[in-house]
Each structure stands twice: as C-alpha cells, then as structure tokens.
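Notes for the structure review
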Amino acid sequence: MGFTQFQKECLAEHNKLRAKHGAAPLALSAELNKLAQEWAEKLAKTGQLSHRPNNNYGECIYNCSSSDPNFDVSGDKATQTWYSELPKYKWFGKEPSMQEKRGTGHFSQVVWAASKELGMGKVKKGNQIFVVGNYKPAGNMGGQYMDNVRKPTA
C-alpha cells in the first residue's frame, strides 16, 4: 500500500522537527495511517473534535476551516500547527506537572524521542478539514519527559 502525498509531507516535517530535538526519525505505518484515517472520518462525520477513547497510541488532532471551497492543508502546515506549542514548553531537563503540561501536548508528542512510527489521516468535509496523527509508542507518558522531550539544538 502506498502512502499519500499528505502522509509523506507530515512524515518529512515531523522528522525535520524531531532532528532539532535529537529524536530519531519516525517511519510511516500503514496500520497507524488506517487508524488515523478512520478517526478523521469519524470526526468529520460528527463535526466534533475529540480524542479516540481507549487509544493505545499517541494522538494529535487538528481542524481548520475556510470560506474558500478550494482550500487544503499540507502536511507541513498540520505538523507545524502542533509544533507551534514549543514556546509554551518551559520544562526541558525536568519533569513537568500535569498543570504545567497543559497546552503543550501536541508539541511534546511530535518530538517524543521514544515514538518510532507515525500514521496520518485527513478528511475534508464541506468547509472543514480534520487531521489526525497517531504515534507508536505513545508519547506524553508521565515520568518520561526528561528523556523524551529534548531542548532544540537549532
């Protein structure tokens, strides 16, 4: 099974950003792509943004809309939106509390060093686009931030 252009763009952007944080590149997973696509389709159907319940994988979700009927979202843009939480993350070299981690979970999942595989799904419905990223193994695990969320080198 081949990967879509969007999935390839997401992978390339993830790996570019992960390299800045000393994290090994991710590999695209057909299994995770399928799960991410299924969940993106469910979000588009319901029009609600929510994480998959009882998910064994890390997950980032993104939604945008436009009055332009031809609009689209690139894999770079979706990934950069998650990574844009970086300025809020102030806990490199220490373990953040639950309260401190709020608003930075997308960023930390993108660069989570222990994650090895990525799956991406995207659905356009009307004037909205829903994007889901799944990660294996999951990031944002308590007690593991010091080892997995590293300060950027550039």
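Model, not experiment: these values are computed from the prediction.

**Thoughts on the overall build of the protein**
- Looking only at helices and strands, one finds 6 helices and 4 strands in the protein.
- Counted from the first residue to the last, the protein has its helices and strands arranged as α-β-α-β-α-α-α-β-β-α.
- Its C-alpha atoms give the protein a radius of gyration of 15 Å, near enough to 15 Å, the size a compact globule of 154 residues would have.
- C-alpha extents for the protein along the principal axes are approximately 45 × 35 × 30 Å.
- Burial analysis of the protein (154 residues in total) assigns 43% to the buried set.
- A sequence separation of at least 24 residues applies to 73% of the contacts in the protein between residues at least 6 apart.
- Entry remark: accessible area of the protein is about 7,900 Å², with carbon and sulfur atoms responsible for 53%.
- Measuring between centres, the 21 positive side-chain charges of the protein sit 3 Å from its 14 negative side-chain charges.

**Describing unusual backbone geometry**
- A cis geometry characterises the amide bond from K136 onward to P137, with omega recorded as -15°.
- Tracing the sequence through the fold places P137 in the loop between β4 (128-136) and α6 (145-148).
- Despite not being glycine, N54 has its phi angle at roughly 50°, a positive value.
- Of note, N54 is situated in the loop between α2 (30-46) and β2 (58-65).
- When its relative accessible area of 78% is taken as the criterion, N54 is described as exposed.
- The backbone phi angle of N140 is positive, close to 60°, even though this residue is not glycine.

**Here we look at the pairing of strand β3 (residues 117-125)**
- One ladder, built from 2 bridges, connects strand β1 (residues 27-28) with β3; its direction is parallel. Directly across from A27, in β3, lies its bridge partner E117.
- In terms of strand pairing, β3 meets β4 through 9 bridges, oriented antiparallel. Bridged to G119 within β4 is N134.
- Where β3 folds back on β4, the antiparallel hairpin that results is connected by 2 residues, among which G126 adopts a positive phi of roughly 60°.

**Details of the UniProt feature "domain: SCP" (unreviewed entry) in the protein**
- The residues that UniProt annotates with the feature "domain: SCP" (unreviewed entry) are residues 5-143.
- Helix and strand shares over residues 5-143 are 38% and 20% respectively, and the end C-alpha atoms of the span are 36 Å apart.

**Quick notes on the sheet that holds β3**
- An order of β1-β3-β4-β2 is seen for the 4 strands of this open sheet, with the pairing classed as mixed. Looking at which strands have only one partner, the edges of the open sheet turn out to be β1 and β2.
- Sheet strands touched by α2: β1, β2, β3 and β4. Its angle to β3, the strand with the most contacts, is close to 30°.
- Strands β2, β3 and β4 of the sheet are contacted by helix α3 (residues 75-83), whose axis makes an angle of about 115° with β2.

Each value, and the rule that gives it
- Residues numbered from 1 in each chain as written.
- Predicted model: local features only at pLDDT ≥ 70, side-chain atom pairs only at ≥ 80, totals over all residues.
- Heavy atoms only, no water.
- Helix = DSSP H or I, 4+ residues; strand = E, 2+ residues; numbered from the N terminus.
- Rg over C-alpha atoms; globule rule 2.2 N^0.38 Å.
- Buried < 20%, exposed > 50% of the residue type's maximum accessible area, 1.4 Å probe, protein only.
- Contact = heavy atoms within 4.5 Å.
- Areas by Shrake-Rupley, 256 points an atom, 1.4 Å probe, with all protein chains shown as cover.
- Lys, Arg positive; Asp, Glu negative; His and termini not counted.
- Charge placed at Lys NZ, Arg CZ, Asp CG, Glu CD.
- Pairing = 2+ DSSP bridges.
- UniProt positions renumbered as here; feature names shortened; annotations may be inferred.
- Axes fitted to C-alpha atoms, helices over the stretch in contact; angles between N-to-C directions.

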